[in-house]
Amino acid sequence: MRNYIIFGASKGLGDAFVKGAPEQGDQVWIVSRSKPASILLDDGVSRHWISADLAQPNAYQQVVEAVKDLPIDVVIYNVGIWEKEGFEAHYSFDLDEPADIANLIHVNMTSTITCIQALLPNVRKSEAGKIILIGSTAALDNTNNPQVSFVASKFGLRGIAHALREHVRKDRIAVTCIHPGELAAEIPYEEGIDKAIAQYDGTRIPVQDIVAIVKCIVSLSPVACVKEISIPAITDLNA
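Residues numbered from 1 in each chain as written. Predicted model: local features only at pLDDT ≥ 70, side-chain atom pairs only at ≥ 80, totals over all residues. Heavy atoms only, no water.

## A closer look at helix α2 (residues 59-67)
Thinking step 1. Of all the positions in α2, only A59, V63 and V67 are classed as buried. Viewed along the axis of α2, the buried residues span an arc of 60 degrees, placing them on a single side of the element.
Thinking step 2. Along its buried surface, α2 packs onto β1 (3-7), β2 (27-32), β3 (46-51) and α3 (98-123).
Thinking step 3. The first or second residue beyond α2 is K68, which carries a positive phi of 55 degrees. (Buried < 20%, exposed > 50% of the residue type's maximum accessible area, 1.4 Å probe, protein only. Helix = DSSP H or I, 4+ residues; strand = E, 2+ residues; numbered from the N terminus. Arc of directions from axis to C-beta. Contact = heavy atoms within 4.5 Å.)

Structure, rendered in structure tokens:
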């Protein structure tokens, strides 16, 4: 039996992690602003909702108060916001508001640091603790993304992963940073991989692929540490 805590888990890839990563008998704490429908699933996994807005400076307190002193085996940090209309053709960095930039950096980086720091005592109680950060191929060189703040935050996430890995090496906690390309996140996990492939003509990655990678990482022995994985779509010439 494993205890999971999954951030950003009310929809999309986070929802897929909640549904597909744990196995029967596992417990999952779901961190999100809105109540996820997945807590109603009856599949032998015990799911609990932690209502927290990661844009708020004290969000980490709500998280640790909910899990108390329980051992946490797997932390999946799947949080990322981007600029308003950041992936539209007409987007321009010139128009980004300073307040929006500050909020993006806080949610994508500061909350990552403070929440994981607060959970380290719980992860240290695991016999094979895993911390998995979900980044983006936007954090890789030569991917041609003009969204300055989003890209900076995802490069920053890589830095968090590398430094955190060194910090917890003595504790035998493995830290992995996964960089997916564009996902077919609008297709719910339960609707299947074939629908996700067909919907986007094979140009977006089904969430099931990322779940499968996470399940592999979680299953590894305490001796192994997967540092970093990049997963662009095979058709993506920029990643």
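Further notes follow.
## Let's talk about the pairing of β1
Thinking step 1. With five of five residues buried, β1 lies mostly within the body of the structure.
Thinking step 2. On β1, burial covers both faces: N3, I5 and F7 on one face and Y4 and I6 on the other are all buried.
Thinking step 3. Bridge count between β1 and β2: five bridges; the pairing is parallel. Paired with Y4 across the strands is V28, a residue of β2.
Thinking step 4. Read as a crossover between parallel neighbours, the route from β1 over helix α1 (residues 12-20) to β2 is right-handed.
Thinking step 5. When β1 meets strand β4 (residues 74-77), the two strands line up parallel, connected through four bridges. Across the sheet, residue I5 finds its bridge partner in β4, namely V75. (Pairing = 2+ DSSP bridges. Right-handed = clockwise from strand over helix to strand, strands pointing away.)

## Some remarks on the packing of α3 against helix α4 (residues 148-167)
Thinking step 1. The geometry of α3 relative to α4 is characterised by a closest axis approach of 9 Å and an angle of 15 degrees between their N-to-C directions. The angle between the axes of α3 and α4 places the two elements in the roughly parallel class. Between α3 and α4 lies a crossing of right-handed hand. Residues I101, L104, I105, N108, M109, T112, I113, I116 and L120 of α3 lie in contact with α4, whose contacting residues are S149, F150, A152, S153, G156, L157, I160, L164 and H167.
Thinking step 2. Residue composition of the contact of α3 with α4, grouped by class: twelve nonpolar, six polar and no charged. (Axes fitted to C-alpha atoms, helices over the stretch in contact; angles between N-to-C directions. Parallel < 35°, antiparallel > 145°, perpendicular 65-115°, else oblique. Left-handed = near helix turned anticlockwise from the far one by under 90°. Nonpolar A, V, L, I, M, F, W, Y, C, P; charged D, E, K, R; others polar.)

## A word on the pattern of salt bridges
Thinking step 1. According to the stated counting rule, one finds eleven salt bridges in the structure shown.
Thinking step 2. For the salt bridge of R158 with E228, the shortest nitrogen-to-oxygen distance reads 2.6 Å. Taken together, the residues span a long stretch of sequence, with R158 in helix α4 and E228 in strand β7 (residues 228-231) at a distance of 70 residues.
Thinking step 3. The partner of R169 in a salt bridge is E166, with the nearest N and O atoms 2.6 Å apart.
Thinking step 4. The exposure class of R169 is partly exposed, given its relative accessible area of 46%. (Salt bridge = Lys/Arg side-chain N within 4 Å of Asp/Glu carboxyl O.)

Keep in mind these values describe shape, not function.
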